[in-house]
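This is what each chain is made of:
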Amino acid sequence: MIRYLIVDDEPIAHRIIENYCENLPYLEKKGSCYNAFEALQFLNEDTVDLLFLDINMPKLSGFDFLKTLPNPPKIIVTTAYKEFAIEGYELNVSDYLLKPFSFDRFLKAINKTFDSAQNKKSSAALPPNETEPNINSFFLRGDKKHHQIHFEDLLFIEAYGHYTKVYLKNEMIVSPQKISDLEQLLPKNNFIRTHKSFIVAKNKIKQIEGNRILIDVYKVPIGKTYKENILIFL
């Protein structure tokens, strides 16, 4: 579970974030704070993995509050002020959401913040016996729904015009999300780009023959500029 805290002086912002989070079963709300001082008190007594942080709050701004934290959790900024984006990224925030933001944009921020590749990289710096949340799935838009895709079920991804086809063990989902965006969500140790239009799961490869990869009953091409990826993999 990813434990989160909302820090925002607007009650409606809390309701929107809570409603979005209810669609993601791996997110667990730990608290709601309406100013930075409440948040400081909360974090002195408890820990979370993620802060949804507003900037423009009374008495102490979100960024001034963030600067007081010696070991801050992951931060997703939620604000109506786009002019502070550069300062936010200088403070290593994971993403910067401009109000009002859609569920799709919110979901992209969550996936970006907690994809497996980032977890592996950042967990190396954690003290012994401390680990970050283990994310083994992501949410995919398709058929007017949001599908939870587990990495272990994913065979390969194919670019399909302005869409992508995501091939799973028992189904195929057509999504409007770009293949380049999906690539950012995949753990790089487990997936490999074989062609400008294809990403495959390494452990699902049955055979490699010439310029083709056999996965289940499918034959996936190997592009000329991606042959080196395959040679390194071998």
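Further up the page is the structure itself.
Below is a summary of the structure that appears in this document. No experiment lies behind these values; they were computed from the predicted model shown.

What about the side chain of aspartate 54?
Moving on, step 1. For aspartate 54, the position within the fold is in the loop between strand E3 (50-53) and helix H3 (62-67).
Moving on, step 2. Apart from the residues lying within four places of it in its own chain, the contact partners of aspartate 54 are Val7, Asp8, Asp9, Gly62, Thr78, Thr79 and Lys99.

Topic: the pairing of strand E1 (residues 2-7)
Moving on, step 1. Within E1, five of the six residues are buried, which leaves the element mostly enclosed by the surrounding structure.
Moving on, step 2. With respect to chirality, the unit in which E1 leads through helix H1 (residues 11-21) into the neighbouring parallel strand E2 (residues 27-33) is right-handed.
Moving on, step 3. Where E1 meets E3, four bridges bridge the pair, whose relative direction is parallel. For leucine 5, the partnering residue across the bridge sits in E3 and is leucine 51.

Structural notes on the sheet that holds strand E9 (residues 163-168)
Moving on, step 1. Reading across from one edge, E10-E9-E8-E12-E11 is the order of the five strands in this open sheet, with antiparallel pairing throughout. Pairing within the sheet leaves two strands with one partner each, and these edge strands are strand E10 (172-175) and strand E11 (191-195). Adjacent strand axes in the sheet meet at a mean angle of 20°, parallel and antiparallel pairs treated alike.
Moving on, step 2. Where E11 and strand E12 (residues 198-201) come together, four bridges link them in antiparallel fashion. By the bridge assignment for E12, arginine 193 is matched with isoleucine 199.

About the thresholds
- Residues numbered from 1 in each chain as written.
- Predicted model: local features only at pLDDT ≥ 70, side-chain atom pairs only at ≥ 80, totals over all residues.
- Heavy atoms only, no water.
- Helix = DSSP H or I, 4+ residues; strand = E, 2+ residues; numbered from the N terminus.
- Contact = heavy atoms within 4.5 Å.
- Buried < 20%, exposed > 50% of the residue type's maximum accessible area, 1.4 Å probe, protein only.
- Right-handed = clockwise from strand over helix to strand, strands pointing away.
- Pairing = 2+ DSSP bridges.
- Axes fitted to C-alpha atoms, helices over the stretch in contact; angles between N-to-C directions.

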